[in-house]
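Fold and contact review
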Amino acid sequence: MTRHAEYAVAGDPAARSALGPNQIDQLGEALLALTGEVWILTDRLAVLEAILAEHGIDAAGAIDRFVPSPDMEKALNAKRDKLIATVLAALAGQAIPAPT
Amino acid sequence: METPTLASPRLAQRGRAAINFQAGIGIASARLLAQAERALADRGITADTLPEDMDARHDTVAHVIGDHPAFRLNTLLSEWRAKSHGPVARDAFEEQRDQLVPALHALDAGPSRLVEEPIPPLPSYWADTEFHRTEGGWDSSAYNGYVHGEILHKLMLAKMFPGDIFAQRRAAASAAPRRDYARILDMGASSGHYTVALAEIFPAARITGIDLSPRMLEHAARSGNARGQAWQLHVRPAEDTGLPAESFDLVTSFNLLHELPPPVIDAVFAETFRLLAPGGDMLMSDVPRFAELDRLTAWRFDHLAKWGGEPFWRASASMDLAAAATRAGFTGVTAGGIGTAPTFHPYLIQGRKPA
Ligand SMILES: C[S@@+](CC[C@H](N)C(=O)[O-])C[C@H]1O[C@@H](n2cnc3c(N)ncnc32)[C@H](O)[C@@H]1O
């Protein structure tokens, strides 16, 4: 144990502050951007459930059993990347990227 | 009367919910500001005790409630919304592009048109300013007339701003002293919201619209065609239209003047005078005069204008428009707000070119 420890760089919690004080506003904006995304999903889910219910389908159980196809997985990944890029853009103080 | 595309823009779910969220943030932001103003009052600062100078007013507010959580959060929300509303609306359009583009081009044919002619040199105060803090300003994308005029106005601004923003335009147009104008010029017609009100109040008039933004006017032409109107639209500066002297009976504008530096406002009044036939009427509507508001209300406008990308608002709202109109030669000049306290928005200025 002690023999290995001498090779390790000592962790310094104070040095682990990744964001500088001038990034606190950007953090706030990132939080707003993220809340917007969460809202969009909340809205979409409510719409979906309402539409399915109109067709007599109880979605909740079916959703838990669902396995995405490779195509759907690809589409989901693209959406995920856009979500991450939007949040990161705010965090970095950059313009929100256009859809690709 | 309006096509569904214009009356209530049909967005896909993501765009609809994202715009709806922007409106929610705008409403939350206004609530936070009201809360911050109450904190200001609790600490003894009111409309009556704020200093006269606007910069000093901002300093006082910053000194007294600068670290109040509601004020800080209002700042955060304002900043984020100013930067994000443009991209959100642009993306909402893109998401529906395949449906919207053909629907919009179906409205290209008709009696309203953007007249094809060489585009005059664009003044630097317009071309070099990113109005509303949207990258590219008024002409930021090929369909920005629809993005700004319909998506943002109908699905965001109309839900956030107090009062009915379209009824305000009808009220302004209705304030004109006559109903029988044959030739009307709408200066700063943009995507055509005020032009719609003019066509409604003066159904027999021949309406011409000018603006510096081709993207906005293209949309105004579609909006005119959707209503069977024959509007002639030109890309021209209001201060130097190149249109024939004495060729209009009413020259009017809604929310143009606060986009202009004061010397250009003077030039617009002079040009208006030149364009009117003797006995013709001038009617301009814009944001309230700071000097006629209580100091807290004026400070609030200035605060919102600063975040909203409105660089000339303060200088323009500090200008005495009645004096400017009188300098230009107008007689019987009247000015004042026609809305409700404490802003009395919209503010109207009227005068006549002597017969
Ligand atoms: C707030 S919008 C006008 C709103 C419109 N009248 C309405 O009722 O919604 C201001 C418009 O003024 C235009 N503008 C700015 N400076 C101008 C100028 N010097 N001459 C003509 N139009 C100008 C802008 O391009 C923009 O479309």
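Small disclaimer: the values here were computed from a predicted structure and weren't measured. (Residues numbered from 1 in each chain as written. Chains lettered and ligands numbered in written order. Predicted model: local features only at pLDDT ≥ 70, side-chain atom pairs only at ≥ 80, totals over all residues. Heavy atoms only, no water.)

What follows is about helix α3 (residues 54-65) of chain B. All names here are of chain B. If you check α3, its first and last C-alpha atoms are 16 Å apart, about what 12 residues at 1.5 Å a residue would give, namely 16 Å. Regarding α3, the residues found buried are Met 54, Arg 57, His 58, Thr 60, Val 61, Val 64 and Ile 65. Take α3 and look down its axis: the buried residues cluster within an arc of 160°, on one side only. α3 presents Asp 59 and His 63 as exposed residues on the side facing more than 90 degrees away from its buried surface. (Helix = DSSP H or I, 4+ residues; strand = E, 2+ residues; numbered from the N terminus. Expected span 1.5 Å × (residues − 1). Buried < 20%, exposed > 50% of the residue type's maximum accessible area, 1.4 Å probe, protein only. Arc of directions from axis to C-beta.)

What the rule picks out here adds up to 21 salt bridges over all chains. Among the salt bridges present, the one from Glu37(A) reaches Arg14(B), with a minimum N-O distance of 2.9 Å. One end of the pair, Glu37(A), is in helix α2 (residues 24-54); the other, Arg14(B), is in helix α2 (residues 13-42), on a second chain. Two residues, Asp302(B) and Arg314(B), come together in a salt bridge whose shortest N-O distance is 2.9 Å. Residue Asp302(B) is located in helix α12 (residues 295-308), and its partner Arg314(B) is located in helix α13 (residues 313-317); the two are separated by 12 residues in the primary sequence. Judged by its relative accessible area of 2%, Asp302(B) falls in the buried class. A relative accessible area of 26% places Arg314(B) in the partly exposed class. (Salt bridge = Lys/Arg side-chain N within 4 Å of Asp/Glu carboxyl O.)

Taken as a whole, chain A shows an average pLDDT of 80; of its residues, 82% reach a score of 70 or greater. Per-element confidence in chain A ranges from a low mean pLDDT of 68 for helix α1 (residues 2-5) of chain A to a high of 91 for α2(A). (pLDDT = per-residue confidence, 0-100.)

Another aspect to go through is helix α5 (residues 97-105) of chain B. Considered for burial, the residues of α5(B) that qualify are Leu100(B), Val101(B) and Leu104(B). Looking straight down α5(B), one finds its buried side chains confined to an arc of 100°; they lie on one side.

Turning next to the nonpolar core. Residues and elements named next belong to chain B. Among the nonpolar cores identified, the biggest contains 33 residues, and Met 187, Phe 269 and Met 284 are the most heavily contacted of them. At the level of elements, α6 (124-127), β2 (183-187), β5 (248-254), α11 (262-275), β6 (276-286), α14 (321-327) and β8 (347-352) are the ones that each hand at least two residues to this core. In contact with Met 284, not counting residues within four places along its chain, are Met 187, Val 251, Thr 252, Ser 253, Leu 257, Val 268, Phe 269, Thr 272, Tyr 347, Leu 348 and Ile 349. Counting 26 residues, the second largest nonpolar core, distinct from the first, contains Ala 92, Phe 93, Tyr 146 and Met 156. (Core = buried A, V, L, I, M, F, W, Y, C linked by side-chain atoms within 4.5 Å. Contact = heavy atoms within 4.5 Å.)

Bringing a nonpolar patch on the surface into the picture now. Taken together, the side chains of Leu19(A), Ile24(A) and Leu27(A) define a hydrophobic patch exposed on the protein surface, amounting to about 260 Å² of accessible area. Counting through the fold element by element, Leu27(A) comes out in helix α2. (Patch = residues over 30% accessible without salt bridge, like charges linked within 9 Å, V, L, I, M, F, W, Y side chains within 5 Å. Areas by Shrake-Rupley, 256 points an atom, 1.4 Å probe, with all protein chains shown as cover.)

Turning to the side chain of Ser285(B), a few remarks are in order. Residue and element names in this part refer to chain B. Its place among the elements puts Ser 285 in strand β6. Among the polar contacts made by the side chain of Ser 285, one reaches the main-chain carbonyl oxygen of Tyr 347 at a distance of 3.5 Å. What Ser 285 contacts, discounting residues up to four positions off in sequence, is Ala 172, Ser 253, Phe 254, Asn 255, Leu 256, Pro 346, Tyr 347 and Leu 348. (Polar contact = N/O pair within 3.5 Å; in protein donor to acceptor, adjacent residues only side chain to side chain.)

Take the side chain of Gln350(B) next. All names here are of chain B. Relative to the helices and strands, Gln 350 is located in strand β8. Within the structure, the side chain of Gln 350 is placed 3.4 Å from the backbone oxygen of Ala 175, a separation counted as a polar contact. Beyond its immediate chain neighbours, meaning those up to four positions away, Gln 350 contacts Ala 175, Ala 176, Pro 177, Met 282, Leu 283, Gly 332, Val 333 and Thr 334.

Contacts between chain A and chain B engage 19 residues on the former and 19 residues on the latter. Between chain A and chain B, a total of about 1,600 Å² is buried, with carbon and sulfur atoms accounting for 62% of that surface. The three residues of chain A that bury the most area against chain B are Glu29(A), Leu32(A) and Ile40(A), which together make up 36% of that side's buried surface. Where chain A meets chain B, there are four salt bridges. Taken together, the connections running from chain A to chain B amount to nine residue pairs in polar contact (both at pLDDT 80 or more). (Buried area = accessible area lost by both parts, 1.4 Å probe.)

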